[in-house]
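# Fold and geometry: a report
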Amino acid sequence: MSADVEIAVVGAGLMGTATAWAAARRGRTVALLEQFRLGHDRGSSHGSARIVRRAYADPLYVTMTGQAMALWRELEQESGRTLLRITGGLDHGSRRRPDRIAAVLDACGVPHELLPAAEAGHRWPGLRFDGPVLHHPEAGTVDPAAAMDAFAALARRGGADIRDGTPVRRIGVEADDLVRLETATGTLTARTVVVAAGAWTRDLLDGLVPLPELTVTQQQVFHFPRRDPATAPWPVIVHKDALSTYSLPGGRDGGPDDGRKIAEHDAGPRTTAAGRDGRVDPAARDRITAYVRDWLPGLLPEPFNETTCLYTSTANEDFVLDRVGPVVVCSSCSGHGAKFAPLIGEYAADLATGRPGPDPRFSLAAHGALSPHR
Ligand SMILES: Cc1cc2nc3c(=O)[nH]c(=O)nc-3n(C[C@H](O)[C@H](O)[C@H](O)COP(=O)(O)OP(=O)(O)OC[C@H]3O[C@@H](n4cnc5c(N)ncnc54)[C@H](O)[C@@H]3O)c2cc1C
């Protein structure tokens, strides 16, 4: 039986829009189905800034960041939009182990330097450090709202049929491996389906694909004003000490004076996509405000806005990218997936078109969920 499209993609967050672009530019027929409006704020990809960086203590991810950076540049070139803002990156704190990351960057040929705390404090006034600091220049931010717009526009230009306001109620696999997607407005058939549904993954795939434990948490994000908005923004920062935090220039969400986005990477309260309440916990606000006072004295210690966002995490923070029959699972970006989005789109398109998948660490089997029909 013939299908309406070769590849259906469910979910138009960063991963789904990136997949639609990757598949459309390979000349495949693609439909991208999103339950809400494009760019909505109920999932994981909204807002104006996410960290991009090369610094990981794991050579696999360092290599992937390099591939993703090249693809971001391609996306900028093809869309004619500026999406990246390069500021450099700083990593510090006893639990971050900057020396360990430096050794991996060394082995991977990524430029970096390890600085004593006093020298880093001198170079970046308004920041405090208490141990060695890793600096690497190839880091900064990507604008996820603009990136999703660019992915979708290029996918559409490549012929993709993008439908928002179209919840997929059920995915079924027929005897001949044809995929049938039941939506609020009718049925669509496809040769393969890529499920990039973020925190809704289990709702769609339970009973169809064996999934590992996927933990959905509500994370809380704050923007703080800079004391001196005339100065150049600091690099993006990952700091793991008593708290595990990250901070970055906020882009549009940071207001006209480029306020700083700050959040804890430690898991927020457990929730579900449908059950999350969107409320910021006052205790989290107090922790981050105290953190700003202690570590970021160049900011005024009072947030001027705050929001929530969903992490969907695996136990070890590795992604899930695998195929079972005609169903591709593209999920669990565990709070650090944005920087890889165009690469994850390529991986998902590879899996959807029958090419080998990415590193076996991302397979369902590696996550403890068997994929018997591969
Ligand atoms: C606060 C926060 C900060 C972060 N910071 C960083 C960072 O600095 N650097 C970094 O690299 N990463 C970061 N991340 C992680 C990154 O943003 C996520 O990995 C990424 O956005 C995940 O995208 P996604 O497409 O998988 O999920 P989502 O964006 O949630 O997209 C899933 C989509 O599927 C749709 N959908 C679900 N079910 C259905 C259905 N049945 N029918 C139709 N559509 C459906 C949803 O509506 C949604 O639009 C951060 C995440 C958060 C929450």
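Report on the accompanying structure. (Residues numbered from 1 in each chain as written. Predicted model: local features only at pLDDT ≥ 70, side-chain atom pairs only at ≥ 80, totals over all residues. Heavy atoms only, no water.)

This next bit is on the pairing of strand S11 (residues 179-183). Only one face of S11 is covered, namely the one carrying Val179, Leu181 and Thr183; the face carrying Arg180 and Glu182 has none of its residues buried. Of the pairings in the sheet, the one linking strand S10 (residues 168-173) to S11 comprises 5 bridges and is antiparallel in character. When the bridges of S11 are listed, Val168 appears paired with Thr183. As consecutive antiparallel partners, S10 and S11 are separated by 5 residues, and within that stretch Asp177 has a phi angle of approximately 70°, a positive value. In this structure, S11 lies alongside strand S12 (residues 186-195), joined through 5 bridges in antiparallel fashion. (Buried < 20%, exposed > 50% of the residue type's maximum accessible area, 1.4 Å probe, protein only. Helix = DSSP H or I, 4+ residues; strand = E, 2+ residues; numbered from the N terminus. Pairing = 2+ DSSP bridges.)

Turning next to the sheet that holds strand S5 (residues 89-92). Whenever strands of a sheet pair, they do so through backbone hydrogen bonds, lying parallel or antiparallel. Pairing is mixed across the open sheet formed by 8 strands, whose spatial order is S6-S7-S5-S14-S15-S16-S13-S17. At either margin of the open sheet sits one strand with a lone partner, and together these are strand S6 (113-115) and strand S17 (305-313). Neighbour to neighbour, the strand axes of the sheet diverge by 20° on average, direction disregarded. Examined bridge by bridge, S6 and strand S7 (residues 133-136) share 3 bridges and lie antiparallel to one another. Paired with Leu114 across the bridge in S7 is Leu134. Contacting S5, S6 and S7, helix H3 (residues 98-108) crosses the sheet at an angle of about 35° to S7. (Axes fitted to C-alpha atoms, helices over the stretch in contact; angles between N-to-C directions. Contact = heavy atoms within 4.5 Å.)

Quick look at the site of the ligand now. Residues in contact with the ligand amount to 35 residues; listed here are only the nearest, Glu34, His40, Ser45, Ile51 and Cys309. Measuring from an oxygen atom of the ligand, one finds a backbone N or O atom of Ser44 at 3.0 Å. Backbone polar atom of Gly337 to an oxygen atom of the ligand: 3.4 Å apart, as the coordinates give it. Contact with the protein chains covers 96% of the free accessible surface of the ligand, which is 1000 Å². If you list the elements that add at least two residues to the shell around the ligand, you get helix H1 (14-24), strand S3 (50-52) and S17. Per-class residue counts for the shell around the ligand are 20 nonpolar, 12 polar and 3 charged. If you count residues domain by domain, the shell around the ligand takes at least three from each of domain 1 (5-45 + 145-213 + 315-362) and domain 2 (86-140 + 215-313). (Near = heavy atom within 4 Å. Polar contact = N/O pair within 3.5 Å; in protein donor to acceptor, adjacent residues only side chain to side chain. Areas by Shrake-Rupley, 256 points an atom, 1.4 Å probe, with all protein chains shown as cover. Nonpolar A, V, L, I, M, F, W, Y, C, P; charged D, E, K, R; others polar. Domains from an automatic or database assignment.)

All right, on to the state of the cysteines then. Two cysteines whose sulfur atoms are joined by a covalent bond form what is called a disulfide. This model, assessed by the stated rule, comprises 0 disulfides. We note that Cys333 lacks a disulfide partner, and the nearest cysteine sulfur, in Cys330, lies 6.0 Å from it. (Disulfide = S-S within 2.5 Å.)

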